[in-house]
Amino acid sequence: MSSSTELTEKKVFLLKSLDGVIFEVEESVAVQLEVIRELIEGDCARPFISLYNVTSEILALVIEYCKHHAETCSGGTSATIADEDLKTFDNEFMNVDENILLELCSAADYLDIKSLFELTCRTLASLIKDRTIIEVRKMFNVENDFSVVEEKAVRKEFAWAFK
Amino acid sequence: MNPYLLERLPLELVTAILLLLPTKDLVRFLCVCKTWRDLIRDPIFIKKHFRYWASKANGYLLYKSGWLEQSRTFRLLCDKVPEQVLEIEIPFEHVTYEGVIVGSFNGLFCIADLYTPRTTIYLSNPCIRKQRFINFPIPDIPGIKHSRISEVLGFGYHDQTNDYKIIRIAYHEYGKWVEDHTSDDSFYVYEGVKSRVDVYSLNSNSCRRIEVDNFPWTVFQVTSGVLVNNSVHWMALRRDLKDEKFMIVTFHLEREVFQQISFPNYSNDDADLWECIGVLEENLSLFVFHDIEPWQTCHLWVMMEYGVGSSWTKMYSLCPYVGIRTAISFTENGEIILKAGKNEVLALHSKARDIQERQIQKKYEFNLVRYVDSLVLLNSDTKLVEG
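Since the structure is predicted, the reported quantities are computational estimates derived from the model, not experimental observations. Each chain has its residues counted from 1, running along the sequence as written. Think of it this way: whatever chain is written first is A, whatever ligand is written first is 1, and the rest follow in order. Residue-level local features of this predicted model are given only where pLDDT is at least 70; pairs of side-chain atoms are given and counted only at 80 or more, and the full residue set underlies all totals for whole chains, interfaces and linings. Computation of side-chain values: all heavy atoms of the structure, hydrogens and water removed.

> What should I look at first to understand the interface of chain B and chain A in this one?
Whether two residues touch is decided by their heavy atoms; if any such pair falls within 4.5 Å, the residues are in contact. Chain B puts 36 residues into the contact, and the matching count from chain A is 42 residues. The term buried area means the drop in 1.4 Å probe accessible area that two parts suffer when joined, counted for both and summed. Around 3,500 Å² of area is buried between chain B and chain A when both sides are counted, 69% of it from carbon and sulfur atoms. Counting the surface chain B buries against chain A, the share from its top three residues, Ile17, Arg28 and Cys31 of chain B, is 18%. In what follows, salt bridge is the name for a side-chain nitrogen of Lys or Arg lying within 4 Å of a carboxyl oxygen of Asp or Glu. Along the contact surface separating chain B from chain A lie 4 salt bridges. Between Arg41 of chain B and Glu157 of chain A there is a salt bridge; the shortest N-O distance is 4.0 Å. Polar contact is the term for a pair of N or O atoms within 3.5 Å; when the atoms are in protein, one must be able to donate a hydrogen and the other to accept it, and sequence-neighboring residues count only if both atoms are side-chain atoms. Taken together, the links from chain B to chain A amount to 6 residue pairs in polar contact (both at pLDDT 80 or more). Numbering of helices and strands starts at the N terminus; helices are DSSP runs of H or I of at least 4 residues and strands are runs of E of at least 2. Only helix H1 (11–18), helix H2 (23–28) and helix H3 (34–41) of chain B provide two or more residues apiece to the side of chain B that touches chain A.

> When you look at the sheet that holds strand S6 (residues 120–125) of chain B in this model, what are you seeing that I'm missing?
By way of backbone hydrogen bonds, the strands of a sheet pair with one another, either parallel or antiparallel. Residue and element names in this part refer to chain B. Strand order across the open sheet formed by 4 strands is S4-S5-S6-S7, with antiparallel pairing between neighbours. On the outer flanks of this sheet lie strand S4 (99–105) and strand S7 (130–134), each paired with one strand and no other. The sheet shows a mean angle of 20° between the axes of neighbouring strands, taken without regard to direction. Strand direction decides the pairing type here: strand S5 (residues 108–113) and S6, joined by 5 bridges, are antiparallel. Two strands make a pair as long as DSSP finds a minimum of two bridges between them. As a rule, the C-alpha atoms of each element are fitted with a line to give its axis, helices using only the stretch in contact, and angles between N-to-C directions run from 0 to 180 degrees.

> Please explain the confidence of the model for chain B as it appears in this structure.
Low-confidence regions, as indicated by low pLDDT, have predicted coordinates that should not be scrutinised in detail. Residues and elements named next belong to chain B. In the predicted model, chain B carries a mean pLDDT of 82, and the fraction of residues at 70 or more is 79%. On a range of 0 to 100, pLDDT expresses the predictor's confidence in each residue. Looking across chain B, the model is least confident in strand S2 (residues 73–78), with a mean pLDDT of 60, and most confident in strand S14 (residues 226–228), with 96. Taken as a whole, residues 382–387 scores under 50 in pLDDT and shows 13 contacts with residues more than four places along the chain or in a different chain. Scoring the predicted complex yields pTM 0.86 and, for the interface, ipTM 0.88.

> For this particular structure, what's the right way to read the confidence of the model for chain A?
Residues and elements named next belong to chain A. Looking at chain A, pLDDT values average 87 and 92% of them are 70 or higher. Per-element averaging of pLDDT across chain A places helix H1 (residues 4–7) at the bottom with 48 and helix H7 (residues 114–128) at the top with 95. Across residues 1–5, confidence stays below pLDDT 50; counting only partners more than four residues off in sequence or on other chains, it has 2 contacts.

Laid out in structure tokens, this is it:
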């Protein structure tokens, strides 16, 4: 970002989660959250920002993700090594409970972190790929609002897909 | 779970996740709930989905003109791994095993059976096993017998309206034989043409007759799916000029008008000149080869600026080591697939100029069209014919 940050003291932001936990993050990490980067660019960023849609458990993970990505990208390592490192980190980072994944995906969407959003979407897609309908309903917490006849009709129309 | 997730994941998140799934899973997930069903059936979702999959996979469908040993299957070969072949069954009721693919866009194929007493046309998306029979009116040109009418088909996709159109041109040329007393010979003089053009639109699921004042072209390609600049292209001969001239006739899918594009200027002295049109990197392209034994020369021409005759640019000329019989397909990654020698298949790259032999199943006389995993035609209410 701006070159002045290297010399002057590091700017920090305080991010407050839904359940009131406050996290202190450096600007290089905060700007990975597109919502905050926009505030900073618009000169509207206050040092204290409340994030109403993210719990402390998820925000801690989001910050861990952004920190690692910020450090790896600015670490001066070659692009290929950084890429490999991020891949390994991302893979391990995604090794969490399904509910956490869904919340991370939602948080990445709300905080506008493109790479994390894509990563969680890809992970969720590969998780549900071969799941049964009942498992998918449970995971996404959706109710079956089809009547028995309606559901049967869809299953019959596309019987080949259920084999 | 976070109560602020409103107990459910917002729909745009579900959309982002589902876009990454192949069609087979999406078809299953139609039964998750009504919201998911409506989302998966939404034309905007369907368009986003095939765009994503088209950018990811380069599939080509290998097919025989005429069905493979009456098994009604298509063979899919992956562009990256040509040895990998997947068979897709087409559960049609009416085909006479002589189907040809007019064109393919976004996983939707236009298949015509040209040898039934009148042309039978289907739209098919084999990956979701949906098809629609298109009931085209019998070409009726007053005063002309059906057997004397020439039929030409075209297929194209119009991005802005997200519509697929089939063009059927029916025409009959008339003229008279004139005796040349000096040479004791007689020759044919073209006098005019009677034509009729019908266009089918998938969005409206109906055929409409298009008024065309004059159709002064004899079209050489019975079918075409060569789409550039929202227009379908056929190679043709302009008949009503003093000097008959080869050119490309075009039909604009939105404006629904015919226009023409001239060929590049190359020597037309050799009688054995073979041409094939296609699309390379979104440009109209022309592959030409002279068939003069024992040598053969190929040229690749690309129209750099669409519709501008002077922008035809010769990319290369070369002499292949085997006799090329025909060009089958221009692929998305810039290759021209050729049939050569005795059932050999060659790939000629538009940039590298090198000819590579491709191990494509050679048993069959085949053709090649682009294939994308897609949900197009999902909403077709046509009764599904069980395979």
